[in-house]
Amino acid sequence: MFWILFLLLAWAGVLTSAVRLLRAATEAADPAPRPAAARRPGALNLYEAAYLAGGPERVAVLTLLSMERRHRLLLARTGWATVLDPVARDAHERAVLAAFGPDGQSPVSALREAAAAPSAVRALADRLDEAGLAVPCGVRDAVADGVRSVRWAAVLVVAMAGAALAVPADGADVSKVLYWFALPMLLAVCCLAIAGTGGPWASPAGQRLLAALDHDRAPADPLAAVAVRGLNALPDPDLRAALGRP
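Now for a look at the structure at hand. (Residues numbered from 1 in each chain as written. Predicted model: local features only at pLDDT ≥ 70, side-chain atom pairs only at ≥ 80, totals over all residues. Heavy atoms only, no water.)

We now examine the overall build of the chain. The helix and strand tally for the chain stands at 10 helices and 3 strands. Along the chain, from the amino end to the carboxyl end, the secondary structure elements read α-α-β-β-α-β-α-α-α-α-α-α-α. Here the chain, with 246 residues, has 43% of them falling under the buried criterion. In the chain, the proportion of contacts linking residues at least 24 apart, taken out of those at least 6 apart, comes to 72%. Accessible area for the chain stands at about 12,800 Å²; split by element, carbon and sulfur atoms hold 62% of it. (Helix = DSSP H or I, 4+ residues; strand = E, 2+ residues; numbered from the N terminus. Buried < 20%, exposed > 50% of the residue type's maximum accessible area, 1.4 Å probe, protein only. Contact = heavy atoms within 4.5 Å. Areas by Shrake-Rupley, 256 points an atom, 1.4 Å probe, with all protein chains shown as cover.)

Encoded structure:
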């Protein structure tokens, strides 16, 4: 039964990483409360809603769509954008306009990257964090580290299963060995499925404000719908194609 040693190693790796991910995910779902004075009452603006719903990438999409709807950008289905009004109204628009070349054209992917850059959203993220509406960056990083740890544990399970099959099984058939190794692999896959690629951007308080915005403004305001729900809420297939290009 020498293969059982490999099975124990596989279980040890999966359980350790799963506990790490569970702790991080629990903290993300219920972060430490902020002082009452730090909490900000009232509704979210659309940039804040976009960040809480989808992070910097959602802020970038909202910025481009907002500029397009105000006829300040022309977004083509081919994935290129043309600037129509070079005067920025806020820091997010400045980041977008700075990414244009001298001819006033740029790939949409470059504009998205510029609008999602940390420098463009740092003040927004800090403001939401201080208000207790966003999950702190350190907590999200811990969730991402936990996800990577579980992925490596899954690789370890495969390696240990291969090693177990390479040594004499002391009478155990291959199907039995694979069955036992399938159990830790199933746990790893379930952890990854539950965690996704990272923790939520919004704290419970932020999620409540997002739900209120979704209920009150999203049905009548396409920008609010995109901020909360993402590109799937955009009815124009050409704009979806342009903004959705990586």
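Bringing the pattern of salt bridges into the picture now. One pass over the full model with this rule turns up 9 salt bridges. The partner of arginine 112 in a salt bridge is glutamate 57, with the nearest N and O atoms 2.7 Å apart. Remark: glutamate 57 occurs in helix α2 (residues 46–69) and arginine 112 occurs in helix α4 (residues 108–115); sequence separation between them is 55 residues. Across the salt bridge formed by arginine 217 and aspartate 221, the nearest N and O atoms sit 2.7 Å from each other. Where salt bridges share partners, they join Arg72, Asp85, Arg89 and Glu93 into one cluster. (Salt bridge = Lys/Arg side-chain N within 4 Å of Asp/Glu carboxyl O.)

Turning our attention to a nonpolar patch on the surface. A cluster of nonpolar side chains, Phe2, Leu5 and Leu8, forms an exposed patch at the surface whose accessible area comes to about 300 Å². Tracing the backbone through its elements, the reader meets phenylalanine 2 in the segment before α1 (3–29). (Patch = residues over 30% accessible without salt bridge, like charges linked within 9 Å, V, L, I, M, F, W, Y side chains within 5 Å.)

Right, let's get into the environment of valine 226. Looking at the secondary structure, you find valine 226 in helix α9 (residues 222–229). Spatially, the C-alpha atoms of valine 226 and alanine 50 are 7.8 Å apart, while their sequence positions differ by 176 residues. In this view, valine 226 contacts Arg58, Val61, Leu65, Ala233 and Leu234; residues no more than four positions away in its chain are not counted.

Right, let's get into the nonpolar core. Tyr51, Leu52, Leu75, Val96, Leu128 and Leu243 are the most contacted members of the largest nonpolar core, which has 47 residues in total. A total of 13 residues in this core trace back to one element, the largest contributor, which is α2. With 25 residues, the next largest nonpolar core counts Ala18, Ala28, Val150 and Ala188 among its residues. (Core = buried A, V, L, I, M, F, W, Y, C linked by side-chain atoms within 4.5 Å.)

For the rest of this paragraph, the subject is the packing of aromatic side chains. The way to describe two aromatic rings as a pair is by their centre distance and the angle between their planes. Using the criterion set out here, one finds 2 aromatic pairs in the structure. When the ring of tyrosine 51 is compared with that of tryptophan 201, the centres are 5.3 Å apart and the planes differ by 65°; the resulting orientation is edge-to-face. Of the two residues, tyrosine 51 sits in helix α2 while tryptophan 201 sits in the loop between α7 (174–195) and α8 (204–216), which places them 150 residues apart along the sequence. Ring centres of tyrosine 179 and tryptophan 180 lie 5.6 Å apart, and the angle between their planes is 75°; this geometry places the pair in the edge-to-face category. The exposure class assigned to tryptophan 180 is partly exposed, which follows from its relative accessible area of 35%. (Phe/Tyr/Trp six-rings, centres within 6.5 Å; stacked < 30°, edge-to-face > 60°.)

Below, the discussion takes up the side chain of arginine 72. For arginine 72, the location among the structural elements is in the loop between α2 and β1 (73–75). Judged by its relative accessible area of 3%, arginine 72 falls in the buried class. Leave out the neighbours within four places in its chain, and arginine 72 touches Met67, Thr82, Val83, Leu84, Asp85, Val87, Ala88, Arg89 and Glu93.

We now examine the sheet that holds β1. The sheet built from 3 strands is open, its strands ordered β1-β2-β3 with antiparallel pairing. Two strands lie at the open edges of the sheet, namely β1 and β3 (105–107), each paired on one side alone. Pairs of neighbouring strands in the sheet enclose a mean axial angle of 25°, with direction left out of account. Alignment of strand β2 (residues 80–83) against β3, held across 3 bridges, turns out to be antiparallel. What sits directly across from alanine 81, in β3, is serine 106. Helix-sheet contacts for α4 involve β1, β2 and β3, and the interaxial angle to β3 is about 80°. (Pairing = 2+ DSSP bridges. Axes fitted to C-alpha atoms, helices over the stretch in contact; angles between N-to-C directions.)

A few words on the packing of α2 against helix α3 (residues 91–98). Running from N to C, α2 and α3 point in directions that differ by 55°, and their axes come no closer than 10 Å. The angle between α2 and α3 places the two elements in the oblique class. Along this stretch, α2 crosses α3, giving a crossing that reads as right-handed. Listed contacts from α3 to Tyr47, Val59, Thr63, Leu64 and Met67 of α2 are His92, Glu93, Val96 and Leu97. Residues that form the contact of α2 with α3 fall into these classes: 6 nonpolar, 2 polar and 1 charged. (Parallel < 35°, antiparallel > 145°, perpendicular 65-115°, else oblique. Left-handed = near helix turned anticlockwise from the far one by under 90°. Nonpolar A, V, L, I, M, F, W, Y, C, P; charged D, E, K, R; others polar.)

Purely geometric numbers; function is a separate question.
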